[in-house]
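Results of the structural survey
What follows is each chain in one-letter form.
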Amino acid sequence: MRGRGNACSSRALAVSWRPATWHPRLDMGRLHGPRSSTSPRNLPHLFLFFLFVGPFNCLASYSRATELLYSLNEGLPAGVLIGSLAEDLRLLPRAAGRQEQQSRPPERTGAERSPPLSFSLASRGLSGQYVTLDNRSGELHTSAQEIDREALCLEGGGGAAWGGSISISSPSSDSCLLLLDVLVLPQEYFRFVKVKIAIRDINDNAPQFPVSQISIWVPENAPVNTRLAIEHPAVDPDIGTNGVQTYRLLDYHGMFTLDVEENENGERTPYLIVMGALDRETQDQYVSIIIAEDGGSPPLLGSATLTIGISDINDNCPLFADSQINVTVYGNATVGTPIAVVQAVDRDLGTNAQITYSYSQKVPQASKDLFHLDENTGVIKLFSKIGGSVLQMHKLTILANGPGCIPAVITALVYIIKVIFRPPEIVPRYIANEIDGVVYLKELEPVSTPIAFFTIRDPEGKYKVNCYLDGDGPFRLSPYKPYNNEYLLETTKPMDYELQQFYEIAVVAWNSEGFHVKRVVKVQLLDDNDNAPIFLQPLIELTIEENNAPNAFLTKLYATDADSGERGQVSYFLGPDAPSYFSLDSVTGILTVSTQLDREEKEKYRYTVRAVDCGKPPRESVATVALTVLDKNDNSPRFINKDFSFFVPENFPGYGEIGVISVTDADAGRNGWVALSVVNQSDIFVIDTGKGMLRAKVSLDREQQSSYTLWVEAVDGGEPALSSTAKITILLLDINDNPPLVLFPQSNMSYLLVLPSTLPGSPVTEVYAVDKDTGMNAVIAYSIIGRRGPRPESFRIDPKTGNITLEEALLQTDYGLHRLLVKVSDHGYPEPLHSTVMVNLFVNDTVSNESYIESLLRKEPEINIEEKEPQISIEPTHRKVESVSCMPTLVALSVISLGSITLVTGMGIYICLRKGKKHSREDENLEVQIPLKGRIDLHMRERKPIDISNI
């Protein structure tokens, strides 16, 4: 490298850019080109390149800058191949050129090159988010970060420059590029590669309106084919045909249609077109759903509510219901008394419906001076006192004027009746608050609340005047003594604003001539806060499924208050007993729960809510919320133990009860119903689903199999069902059901030759037996219970090992057949089992007559059975080491339990077995051997005696 420094520096000037042309294809992740060219005009730009490359500019024997272009769809999963830089840069032979390569020597692959190729990003930047580059093969794959073209190009903007390992470029609205700078090493194959990855759009976004409610106003006089642009068109982040293509209405109401216009930028705007005559007075609003649809396959939709309001124009004029009214006025009428009201109607709205009233120019000035017309209300009042010379009939022509309209006309004929006698007078003096003839009383005023004094009198002083109260209501008019012609108006019972708010009564006076005068009294009740809010239901029972979403809606509380105004405005509050995770909107009354509820933690909630009005002082009422959390199957069945162990005596009867498998499910109802089944060994064991009782279908024999391992599955009744499993270990306790099995001697007819020269204390033979049981049931003791022969007491048997030895020296008189009846007994409880075997010893120098010995063996021996059992201490032997430490415990427990094998006994045996497991495996191999001291090869067979001497 040091020797090449100058060469590398000089050759680096040969680097040139290779521009690529854009050829979009439909196949994902394929190379679109490279194309290379060299030009001296690019040399000035190379100096900027060297500033970036830095220490890499001297690592290659030659250098070239290359540009590759790939394209792929957005939203692809991780691991999709984008392209192979080694193959597309022709650093590896292409598959398509294999026939051509056969004609020339094979070219080494990138892995075979020495040194191998290495590909790396110029800098890390954002490379880990979108693509991964294999440093050895040069393959580009999509990464775990899914590429979203809309988010990527919005983040990258348009016109990102080279310089990082990854840049984002969006030079046009339809293109979205991912830019990478890759270095190829070592120096023999150095490349500085610019990779462009074009991200193709897929239809993964539905059109969306910026607002959910769109309003548009159309004048009611809009002509047919009027076009109105709908603001807030739908937006689709996708491009091309995947963007918004068309709009439509769900209901055109037979009055409208939609059209779409596209501007030079490709933006589509919906236009509402009027297709029929509109009349606001007939229908002032149309509501429909506007739907935007894109061009994807399948197309995606977006919608919003379109409200078409019909704006008013002044197309209606005031109208009177009648063309003429007749009015009668007495000559003694009081000035200011209303005599008539004219009222016209304009169907338009707002200023278009404003009406003013005026007299026609045909009305004489004298009539105008006598009768005043209110231009806003149309009320005609007596403006001056009626004199004796006033005409008895007045024709009042009244005009109703609207903006831009021809006035409507009504005629009021006013007839004046002259009065010869002056009518009685009614003079009120109000005690209660009175404004413009209206008396205001509070609804909570007590009974007999005074309203007003009325003085009734005759102006002439000639006639007697009487009066009475006319009208319905809790009022009375009574003389106020001791004064004459004075009357008091007062209440007779409490008044309730919620039942009736307004009363209209009249005080009527008449004289003896029959002339009547009426004075109207209007009473308006004022509301008081005398009603508390009332819930529709005092007990609000609610339900919600557990594992609800946060801030889940429970209900909307509603309480009514009969009071008016602020006194009837109700606010809602939680009671002090409500848990903190419940929320109640004080204005809307919407009750929510902010956290997930767990039925297994708490099933029922009960707390109070308050409804409070805004009166002074405020009134309130209380209701109780009872919320029940409904169960979902979110808990698997749970065994009380992960592992169950049962100790069962062998020969347990079929379908006997082994033990109970306890399982619980915190869910309720069917979700908490649990079914148990045995997964393995179901041919031997069965479980009762209801009680969980485990049973064995057949009797179990420990000697065939000492333990069983089961898997029990618990499945609940939910949808979908949940399950769990538990391990069941069944250990069989040994029962003394096998007597010892004598393996040697093999037959009662076999015999052994004992030489007379055998020394006392020498072993002669042994009795070897095994017991299939275990523990104390397999501890074997040997004893001679019967003897026959010249002197059979010369032989002794070891009670523990079964070795038979010579006790005394043999004499001449001891020659012959000695027969020993050996009892092999176990130490089982409560009843030991035993076997017997005949040991035949022939004392002689040789066996000269086998037939004679056989004849002796065939004779039934007359042997007296000795009842005395061998007295041996129970100590461990090399064959049953595992039973030793447990013998005292087992015997004591067996005696105490009167033969019942309890769980405690079984556990003790199981612990002992575990401790002696290693020794047991060693002893199993010894059980098939003959443990005779000195390892004497006896070769004892039937009728085949051998010599035994003290060799």
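Residues numbered from 1 in each chain as written. Predicted model: local features only at pLDDT ≥ 70, side-chain atom pairs only at ≥ 80, totals over all residues. Heavy atoms only, no water.

1. Quick look at the sheet that holds strand 38 (residues 570-574)
Test applied: In this scheme, strands are said to pair when DSSP sees at least two bridges between them. For helices the rule is a DSSP run of H or I covering at least 4 residues; for strands it is a run of E covering at least 2, with both sets numbered from the N terminus onward. Geometry is summarised by axes, namely lines fitted to C-alpha atoms with helices restricted to the contacting stretch, and by angles between N-to-C directions that run from 0 to 180 degrees.
Read across the open sheet, the four strands follow the order 35-42-41-38; overall the sheet is mixed. The outermost strands of the open sheet, each flanked by one partner alone, are strand 35 (539-545) and strand 38. Taking each pair of neighbouring strands and ignoring which way they run, the sheet shows an average axis angle of 30°. Sheet analysis places strand 38 next to strand 41 (residues 604-613), joined by five bridges and oriented antiparallel. Bridging from a neighbouring strand, leucine 574 pairs with valine 609 of strand 41.

2. Side note on the state of the cysteines
Here is the rule we go by: Cysteine sulfur atoms that pair up within 2.5 Å are treated as a disulfide.
Per the counting criterion, the structure on display carries one disulfide. Here cysteine 317 pairs with cysteine 405 through a disulfide, and the sulfurs are 2.2 Å apart. With the S-S bond torsion at -85°, the cross-link from cysteine 317 to cysteine 405 turns out left-handed. With a gap of 88 residues between them, cysteine 317 in the loop between strand 15 (301-311) and strand 16 (319-320) and cysteine 405 in the loop between strand 23 (393-401) and strand 24 (408-417) connect regions that are remote in the sequence.

3. Side note on the pattern of salt bridges
Counted only if it meets this: Salt bridges are counted wherever a side-chain nitrogen of Lys or Arg sits within 4 Å of a carboxyl oxygen of Asp or Glu. Exposed residues in this analysis have more than 50% of their type's maximum accessible area, buried residues have under 20%, and partly exposed residues fall in between, with area computed by a 1.4 Å probe over protein chains only.
Taken as a whole and judged by the stated rule, the model has 23 salt bridges. One salt bridge in this structure joins glutamate 262 and arginine 268, with 3.2 Å as the shortest N-O distance. Using a relative accessible area of 48% as the deciding quantity, one classes glutamate 262 as partly exposed. Between aspartate 312 and arginine 280 there is a salt bridge; the shortest N-O distance is 3.0 Å. Taken as a pair, aspartate 312 in the loop between strand 15 and strand 16 and arginine 280 in the loop between strand 13 (268-274) and strand 14 (285-294) lie far apart in primary sequence, 32 residues in all. Here aspartate 312 falls in the buried class, since its relative accessible area comes to 19%. Judged by its relative accessible area of 9%, arginine 280 is buried.

4. What to know about the sheet that holds strand 9 (residues 213-219)
Spatially, 9-15-14-11 is the arrangement adopted by the four strands of the open sheet, whose pairing is mixed. The sheet terminates laterally at strand 9 and strand 11 (244-249), the two strands that pair on one side only. Going from strand to strand, the sheet's axes swing by 30° on average, the running direction of each strand aside. In this structure, strand 9 lies alongside strand 15, joined through seven bridges in parallel fashion. Looking at the pairing, isoleucine 216 lines up with isoleucine 308 of strand 15.

5. Some remarks on the confidence of the model for the protein
Operational definition: A residue's pLDDT is the predictor's confidence in that residue, given on a scale from 0 to 100. Pairs of residues are marked as contacts when any of their non-hydrogen atoms sit within 4.5 Å.
Taken residue by residue, the protein gives an average pLDDT of 79. The fraction at 70 or more is 78%. Scored below 50 in pLDDT, residues 94-109 shows 10 contacts in the model against residues more than four places distant or in partner chains. Scored below 50 in pLDDT, residues 155-165 shows 33 contacts in the model against residues more than four places distant or in partner chains.

6. Section: unusual backbone geometry
For residues other than glycine, phi is negative in most cases, and the peptide bonds are mostly trans. Residue proline 186 is reached from leucine 185 by a cis peptide bond, and omega for that bond is 10°. Along the chain, phenylalanine 744 connects to proline 745 via a cis peptide bond; the corresponding omega equals 0°. Of note, the phi angle at histidine 253 is positive, near 60°, even though the residue is not glycine. Inspection of the secondary structure puts histidine 253 in the loop between strand 11 and strand 12 (256-262). Here histidine 253 falls in the partly exposed class, since its relative accessible area comes to 30%. The backbone of asparagine 547 sits at a positive phi, close to 60°, despite the residue not being glycine. Mapping asparagine 547 onto the fold places it in the loop between strand 35 and strand 36 (552-556).

7. Topic: the side chain of aspartate 236
Rules: We count Lys and Arg on the positive side and Asp and Glu on the negative side, and we leave His and both chain ends out. N or O atoms within 3.5 Å of each other form a polar contact, as long as, within protein, one can give a hydrogen and the other can take it, and as long as residues adjacent in sequence are counted only when both atoms are side-chain atoms.
Following the sequence through the fold, aspartate 236 ends up in the loop between strand 10 (227-229) and strand 11. No salt bridge is formed by the buried aspartate 236; the nearest opposite charge belongs to arginine 149, separated by 7.5 Å. In terms of polar contacts, aspartate 236 uses its side chain to reach the backbone amide nitrogen of aspartate 238, at 2.9 Å. Residues within four places of aspartate 236 in sequence aside, it is in contact with Asn205, Ala206, Pro207, Asn242, Gly243, Val244 and Asp294.

8. A short note on helix 8 (residues 850-858)
Selection rule: In this context, the arc is that of the directions from the helix axis out to the C-beta atoms.
Taken as a whole, helix 8 has its buried residues at Ile853, Glu854, Leu856 and Leu857. In an axial view of helix 8, the angular spread of the buried residues amounts to 160°, which keeps them on one side of the axis. Along its buried surface, helix 8 packs onto strand 53 (751-754), strand 59 (816-826) and strand 60 (834-843).

9. Considering the packing of aromatic side chains
To describe a pair of aromatic rings, you give the distance between the ring centres and the angle between the ring planes. Our working definition: Ring pairs are drawn from Phe, Tyr and Trp, using the six-membered ring of Trp, whenever the two centres fall within 6.5 Å, and their geometry is named by plane angle: stacked under 30 degrees, edge-to-face over 60, tilted for the rest.
Within this structure, the stated rule accounts for 15 aromatic pairs. On the basis of an interplanar angle of 70° and a centroid distance of 5.5 Å, the ring pair of phenylalanine 582 and tyrosine 605 is categorised as edge-to-face. Here phenylalanine 582, found in strand 39 (residues 582-584), pairs with tyrosine 605, found in strand 41; they are 23 residues apart in sequence, far enough to count as distant. Neither phenylalanine 582 nor tyrosine 605 differs from the other in exposure class; each is buried. Summarising the aromatic geometry, the rings of phenylalanine 639 and phenylalanine 644 are spaced 6.2 Å apart at their centres and angled 75° between planes, so their arrangement reads as edge-to-face.

10. Focus: the environment of glutamate 231
Summarising the element assignment, glutamate 231 is placed in the loop between strand 10 and strand 11. Residues glutamate 231 and serine 215, 16 residues apart in the sequence, show an inter-C-alpha distance of 8.5 Å.

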